[in-house]
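Inside the fold
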Amino acid sequence: MMYKQALPDFLSRNPFPHPLTQGFFYREKMRAIHRIAPDRAFETILEVGGGQGGLTALLYPRSQITNLDLDPRYAAAPCNQQAQVRFICGDATALPFDDESFDAVTMFDVLEHIPDHKSAIAEAFRVLRPDGFLLVSTPNEHWQFPYYALMKPICPAESEVMAEWGHVRRGYTLADLTALIDVPCQGSATFINPVTVVGHDIAFSKLPGRVQRSLCTLLSPMIWLSYALHRPESKGTETASAWQKSSGLLFGHLHDLSPSP
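Residues numbered from 1 in each chain as written. Predicted model: local features only at pLDDT ≥ 70, side-chain atom pairs only at ≥ 80, totals over all residues. Heavy atoms only, no water.

**Quick notes on the overall build of the protein chain**
Rule in force here: Each helix is a run of H or I in the DSSP string that is no shorter than four residues. Each strand is a run of E no shorter than two, and both are numbered from the N terminus. Here the globule rule is a power law, 2.2 Å times the number of residues to the power 0.38, and the radius of gyration is based on C-alpha atoms. Partly exposed residues are those whose accessible area sits between 20% and 50% of the maximum for their type, while under 20% is buried and over 50% is exposed, using a 1.4 Å probe and protein chains only. Residues count as neighbours in contact if any of their non-hydrogen atoms are within 4.5 Å of one another. Accessible surface is estimated by sampling points in the Shrake-Rupley manner with a 1.4 Å probe; for residues, cover comes only from the protein chains shown.
Counting its secondary structure elements, the protein chain contains eight helices and seven strands. Taking 261 residues into account, the globule formula puts the C-alpha radius of gyration at 18 Å, and the protein chain, at 18 Å, falls close to it. A buried classification covers 52% of the 261 residues belonging to the protein chain. In the protein chain, once contacts between residues fewer than 6 apart in sequence are set aside, the share between residues at least 24 apart is 73%. In the form shown here, the protein chain has an accessible surface area of approximately 11,800 Å², with 57% of it arising from carbon and sulfur atoms.

**Considerations on empty space enclosed by the protein**
Worth spelling out the cut-off: For cavity detection a 1 Å grid was placed over the protein atoms alone, and a set of points counts as a cavity when a 1.4 Å probe fits there but cannot get out; an open set counts as a pocket when protein lies on both sides within 12 Å along at least five of seven lines, with lining residues being those that have an atom within 4 Å of a point. Grid points are joined across faces, edges and corners, and a volume is the space filled by probe spheres set on the points. For this scheme, ten residues count as nonpolar: Ala, Val, Leu, Ile, Met, Phe, Trp, Tyr, Cys and Pro. Four count as charged, namely Asp, Glu, Lys and Arg, and the remainder, Gly too, count as polar.
Applying the stated rule across the entire model yields three cavities of 30 Å³ or more. One number sums up the size of the largest cavity: a volume of about 80 Å³. Taken together, 13 residues make up the lining of the largest cavity; nearest its centre are Leu20, Thr21, Phe24, Cys216 and Ile223. Sorting the residues of the lining of the largest cavity by element identifies α2 (24-36), α7 (197-203) and α8 (209-229) as the ones contributing at least two each. Among the residues making up the lining of the largest cavity, the classes are represented as six nonpolar, six polar and one charged.

**Some points on the side chain of Glu123**
Applied cut-off: Contacts described as polar in this section are N or O atom pairs within 3.5 Å, which, within protein, must combine one atom able to donate a hydrogen with one able to accept it, while residues neighboring in sequence count only if both atoms come from side chains.
Of note, Glu123 is situated in helix α4 (residues 117-127). Looking at Glu123, its side chain comes within polar contact range of the side chain of Arg126, at 2.7 Å.

**What to know about the pattern of salt bridges**
Operational definition: Salt-bridge detection follows one rule: a side-chain nitrogen of Lys or Arg within 4 Å of a carboxyl oxygen of Asp or Glu.
Applying the stated rule across the entire model yields six salt bridges. Of the charged contacts, one joins Asp109 and Lys29 as a salt bridge, the two residues approaching to 2.9 Å between their closest N and O atoms. Of this pair, Asp109 sits in the loop between β4 (102-108) and α4 while Lys29 sits in helix α2; the two residues are 80 residues apart in sequence, bridging distant segments of the chain. For Lys29, a relative accessible area of 7% gives the class buried. With a shortest N-O distance of 2.7 Å, Arg73 and Asp71 are connected by a salt bridge. It is possible to trace a salt-bridge network through shared partners that takes in Asp99, Glu123 and Arg126.

**Structural notes on the nonpolar core**
Most often, soluble globular proteins keep nonpolar side chains buried together rather than apart. Counted only if it meets this: Only buried Ala, Val, Leu, Ile, Met, Phe, Trp, Tyr and Cys residues count toward a nonpolar core, and they belong to the same one when joined by side-chain atoms within 4.5 Å.
By size, the foremost hydrophobic cluster in this structure holds 32 residues, and its most contacted members are Leu55, Leu59, Tyr60 and Leu135. Among the elements of the structure, α1 (7-12), α2, α3 (55-59), β4, β5 (128-139), β6 (185-191), α8 and β7 (238-244) are those that each provide at least two residues to this core. Considering each element in turn, this core owes the most residues, seven residues, to α2. Among residues more than four places away in sequence, those in contact with Leu135 are Ile36, Ala37, Pro38, Leu59, Tyr60, Val105, Thr106, Met107, Phe108, Ser241 and Ala242. Residues Leu68, Phe97, Leu180 and Trp243 belong to the second largest nonpolar core, which totals 26 residues.

**With respect to the layout of surface pockets**
Of the pockets and cavities examined, the largest pocket occupies roughly 1,300 Å³. Lining the largest pocket are 41 residues, and of these Gly49, Phe108, Asp109, His113 and Trp165 sit closest to its centre. The set of elements that each furnish at least two residues to the lining of the largest pocket consists of α2, β1 (44-48), β2 (64-69), β4 and α5 (158-165). The biggest single contributor to the lining of the largest pocket is α2, with three residues. Here the lining of the largest pocket is composed, by residue class, of 21 nonpolar, 11 polar and nine charged.

Okay, here's the thing in structure tokens:
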């Protein structure tokens, strides 16, 4: 029995609008996350910053999911109305849960939004049970917007995009994440490579939606081929990674670390 959703079924439920054109980049993210996610019977999972995407519930449909987000409006989102999901409004740096409450914690595109990311990681490991997993996705050292300078005339400035998305930092190398999380990485997979990134940047350009979809459709043979050839270790602009809490590891010292940008 598979405990995580089979890859074709998982990808078919891409929640991003127009999933095969403007939302194709999200398919790339989902595949990378699926690649690093362990196929384990997680009874309870905490999704930090899950918002209205519901990605963790799609990935682990047999698990009970707690989605914690700062925005209380997301409580009404359809993904948070499912029987397997409960929504809690809260802060990633001060989780309202007892120690060792969850079998896994997910932080998909969240860390780059949190000023005090050290406290967020400390809290994630505090609520993890021994041998539990932390699953993360973040932009990496290759991320920039737009990726190619020739697209700047049709795209908002990178500073505007980061402000709109609420990013407080551009991204993390795998070495950055290892230093921050302070345990060995169990596996990683990149996504949105130097070819498929063109579709991503068009999707967030200043062009009208109909034009974006037309361009993505026109470029789809090139994008799909590059997607098919992409491997977990290929160059990409974002990274999904898995980290495991050792049964003998103590994380209390992380609470003493000062905030870091």
